[in-house]
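The lines below spell out each chain.
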Amino acid sequence: MTFNIDRRSVTEGDIVEINWQCEGAESVTLTIDNGYRSTDIPLEINGTKRFRLNRSKGKTHLILAVIIMGKRYTKKINVRVKPMPTTRTETIDQQGRSIPIVKRWWQQLLSRWHGSKVYHAYKMLPETKQVIVKILLLLWLLIIISSIWPRITFLTLGLMAIYLTFLLVRRKA
């Protein structure tokens, strides 16, 4: 029984070729075990097969099992499967500058918020109720922050007072 592979080290997604010869065999089975699951493939007595090695826990075991005159014989080949290299992408603005990750996160958050049902329900409220909702959200934020960092309470109350003053001034204008 012969069992060979064209290479023993590949990157995820690469194609490998195996060949085997099992003279006098009653049945031939190839088992592919990538560490996540195992797959059995019935084969012909002699031949060549090409397949892609995808996800693996570092090593994929190829086991050729042959039954000759009622006895089972196996031959194993280990293939090292390296993870596919990842590429880093950047988002750029209209001037060709890279957008910082915090700004991208904030833009995604805003776009999700503007597309949500809660946002549309909020926009259906009268303007006075919208202000009440904003104040309630600030109060809840103050309660949560105060429970985590009690010293931040004064700062948060000050910011809330500034915001409410801004709302009053903006309404008069």
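Report follows, based on the coordinates. (Residues numbered from 1 in each chain as written. Predicted model: local features only at pLDDT ≥ 70, side-chain atom pairs only at ≥ 80, totals over all residues. Heavy atoms only, no water.)

### Things to note about the layout of surface pockets
Counted as a void, the largest pocket has a volume near 280 Å³. In this structure, the largest pocket is lined by W113, H114, V118, Y119, Y122, K123, V133, K134, L137, L138 and L141. Looking at the lining of the largest pocket, the elements that each hand over two or more residues are α1 (101-114), α2 (117-124) and α3 (127-148). Of the residues in the lining of the largest pocket, the class split is eight nonpolar, one polar and two charged. (1 Å grid on protein atoms, 1.4 Å probe; cavity = no way out; pocket = protein on both sides within 12 Å on 5 of 7 lines; lining within 4 Å. Points joined across faces, edges and corners; volume = space filled by probe spheres on them. Helix = DSSP H or I, 4+ residues; strand = E, 2+ residues; numbered from the N terminus. Nonpolar A, V, L, I, M, F, W, Y, C, P; charged D, E, K, R; others polar.)

### Some thoughts on the pattern of salt bridges
Evaluation of the coordinates by the stated rule reveals two salt bridges. For D14, the salt bridge identified is with R7, shortest N-O distance 3.7 Å. On the accessibility criterion, D14 (24% relative accessible area) is partly exposed. Of the residues examined, R7 reaches a relative accessible area of 31% and is grouped as partly exposed. Measuring nitrogen to oxygen at the nearest pair gives 3.8 Å for the salt bridge that ties E17 to R50. With a gap of 33 residues between them, E17 in strand β3 (residues 14-21) and R50 in strand β6 (residues 46-53) connect regions that are remote in the sequence. (Salt bridge = Lys/Arg side-chain N within 4 Å of Asp/Glu carboxyl O. Buried < 20%, exposed > 50% of the residue type's maximum accessible area, 1.4 Å probe, protein only.)

### Some words on a nonpolar patch on the surface
A cluster of nonpolar residues, I101, V102, W105, W106, L109, L110, W113 and V118, forms a patch on the protein surface that exposes about 830 Å² of accessible area. If one sorts the elements of the nonpolar patch by residue count, α1 sits on top with seven residues. When you line up the elements, W105 lands in helix α1. (Patch = residues over 30% accessible without salt bridge, like charges linked within 9 Å, V, L, I, M, F, W, Y side chains within 5 Å. Areas by Shrake-Rupley, 256 points an atom, 1.4 Å probe, with all protein chains shown as cover.)

### Quick look at α3
Taking 1.5 Å of rise per residue, the 22 residues of α3 would be expected to cover 32 Å, and the 32 Å separating its terminal C-alpha atoms lies within 8% of that figure. Of the residues making up α3, those classed as buried are Q130, V131, L142 and S146. In a view along the axis of α3, the buried residues occupy a sector of 145°, so they form one face of it. The outward face of α3, more than 90 degrees from its buried face, is lined by the exposed residues L137, W140, S147 and I148. (Expected span 1.5 Å × (residues − 1). Arc of directions from axis to C-beta.)

### Focus: the packing of aromatic side chains
Inspection of the entire model under this criterion finds two aromatic pairs. Plain terms: the ring middles of W105 and W106 are 6.2 Å apart, the flat faces sit at 45° to each other, and that makes the pair tilted. Between W113 and Y119 the ring centres are 5.5 Å apart and the planes differ by 70°, which places this aromatic pair in the edge-to-face class. Classification of Y119 as buried rests on a relative accessible area of 16%. (Phe/Tyr/Trp six-rings, centres within 6.5 Å; stacked < 30°, edge-to-face > 60°.)

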